[in-house]
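Remarks on the overall topology
Letter by letter, the chains look like this.
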Amino acid sequence: MNADTGTNDGNGRAGRLAASGWLIITLSAGAIALPLVDPGNEALVIGAMLVVAGVIELAAATVRHQTRLLAMLAGAITIAAGLLFATDPATHFLSTLTIIMGWLFVRSLILAASAMLERGSARRWTALSAATDFILAAALAIGFSISTLVVALFGATEDLVTSFAWVLAISFIATGTLLLELASCARAEDV
């Protein structure tokens with residue numbers, strides 16, 4: 001209930017969360033198209049996608065109740081990772097992997113903490129999003145030594161860029177789906 005008007009603001013919050021979720025899911029299509037980007041511009045494109053996703057996530061967090069600060073922190077971490085790309089034109093693919101691994105790992109910790117404060121399906125979907133980011137970070141960490149050898153020998157191959165693009169896309173889809181579920185919860189109760 002809105003204390004000033006005595007009306008339920010759940011539909012407005014739900015609409016904002018849903019719009020944010022769909023926008024981030026749309027960004028996943030951009031991530032999938034990453035192999036089509038000129039190799040010299042990958043860092044800038046990744047940075048821009050992360051900044052946009054972080055801003056969207058930060059905006060969605062402002063309508064959250066129980067986990068607002070943690071959700072805002074997750075958005076801020078995404079923006080920070082994006083700015084690392086956007087402001088450093090010398091970023092190479094391997095440092096990109098390191099930044100993305102760190103971003104995914106920190107996000108997974110923030111989302112795991114947030115899941116403990118949620119209830120019902122919001123808890124499950126937040127935990128699922130946290131697990132997705134953690135698994136993606138672990139997969140990148142395991143593949144990091146292999147990719148180091150591949151890049152050292154052959155450069156950033158199309159297959160390597162494609163697999164990296166899928167990691168970003170999966171994380172964006174998990175985040176977007178979480179926001180869609182939170183929108184559904186907001187229609188029924190406070191999130």
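Anyway, here's the lowdown on the structure attached to this text.

What counts, and where the lines are drawn
Residues numbered from 1 in each chain as written. Predicted model: local features only at pLDDT ≥ 70, side-chain atom pairs only at ≥ 80, totals over all residues. Heavy atoms only, no water. Phe/Tyr/Trp six-rings, centres within 6.5 Å; stacked < 30°, edge-to-face > 60°. Helix = DSSP H or I, 4+ residues; strand = E, 2+ residues; numbered from the N terminus. Buried < 20%, exposed > 50% of the residue type's maximum accessible area, 1.4 Å probe, protein only. Core = buried A, V, L, I, M, F, W, Y, C linked by side-chain atoms within 4.5 Å. Contact = heavy atoms within 4.5 Å. Expected span 1.5 Å × (residues − 1). Arc of directions from axis to C-beta. Patch = residues over 30% accessible without salt bridge, like charges linked within 9 Å, V, L, I, M, F, W, Y side chains within 5 Å. Areas by Shrake-Rupley, 256 points an atom, 1.4 Å probe, with all protein chains shown as cover. Salt bridge = Lys/Arg side-chain N within 4 Å of Asp/Glu carboxyl O.

Thoughts on the packing of aromatic side chains
Applying the stated rule across the entire model yields one aromatic pair. For the ring pair Phe105 and Phe134, a centre distance of 6.1 Å and an interplane angle of 45° mean the geometry is tilted. Of this pair, Phe105 sits in helix α4 (residues 93-117) while Phe134 is found in helix α5 (residues 120-154), placing the two residues 29 residues apart along the sequence. Here Phe134 falls in the partly exposed class, since its relative accessible area comes to 42%.

A word on the nonpolar core
In this structure, Leu17, Leu50, Ile100, Trp103, Leu104, Leu168 and Phe172 are the most contacted members of the largest nonpolar core, which totals 41 residues. The element contributing the most residues to this core is helix α6 (residues 158-188), with twelve residues. Every residue in contact with Trp103, bar those within four places of it in the chain, is listed here: Leu50, Ile77, Thr78, Ala81, Leu168, Ser171 and Phe172.

A word on the environment of Ala60
As for its placement among the helices and strands, Ala60 is situated in helix α2 (residues 42-61). For Ala60, a relative accessible area of 1% translates into the label buried. Dropping the residues within four chain positions of it, Ala60 is found in contact with Leu17, Ser20 and Leu179.

With respect to helix α3 (residues 68-86)
A turn of α-helix holds 3.6 residues, and therefore any two residues three or four places apart point the same way. Taking 1.5 Å of rise per residue, the 19 residues of α3 would be expected to cover 27 Å, and the 27 Å separating its terminal C-alpha atoms lies within 8% of that figure. Of the positions making up α3, those classed as buried are Ala71, Ala74, Gly75, Thr78, Ile79, Ala81, Gly82 and Phe85. Seen end-on, α3 carries its buried residues on one side only, within an arc spanning 160°.

Quick look at the environment of Gly102
Along the chain, Gly102 falls in helix α4. When the C-alpha atoms of Gly102 and Ala81 are compared, they prove to be 8.7 Å apart, with 21 residues separating the residues in sequence.

Points about a nonpolar patch on the surface
Together, Phe105, Val106, Leu109, Phe134 and Ile135 line one region of the surface with nonpolar side chains, adding up to about 450 Å² of accessible area. For the nonpolar patch, the elements supplying multiple residues, two or more each, are α4 and α5. When residues of the nonpolar patch are assigned to their parent elements, the largest contribution, three residues, is made by α4.

Some thoughts on the side chain of Arg107
Looking at the element boundaries, Arg107 is found in helix α4. With sequence-adjacent residues up to four places away left out, Arg107 is seen in contact with Glu57, Ala74, Ile77, Thr78, Ser129, Asp133 and Thr175.

Some words on α2
Between the first and last C-alpha of α2 there are 28 Å, a value that for 20 residues agrees with the 28 Å anticipated at 1.5 Å per step. Here α2 has its buried residues at Glu42, Ala43, Ile46, Gly47, Met49, Leu50, Ala53, Gly54, Ile56, Glu57, Ala60 and Ala61.

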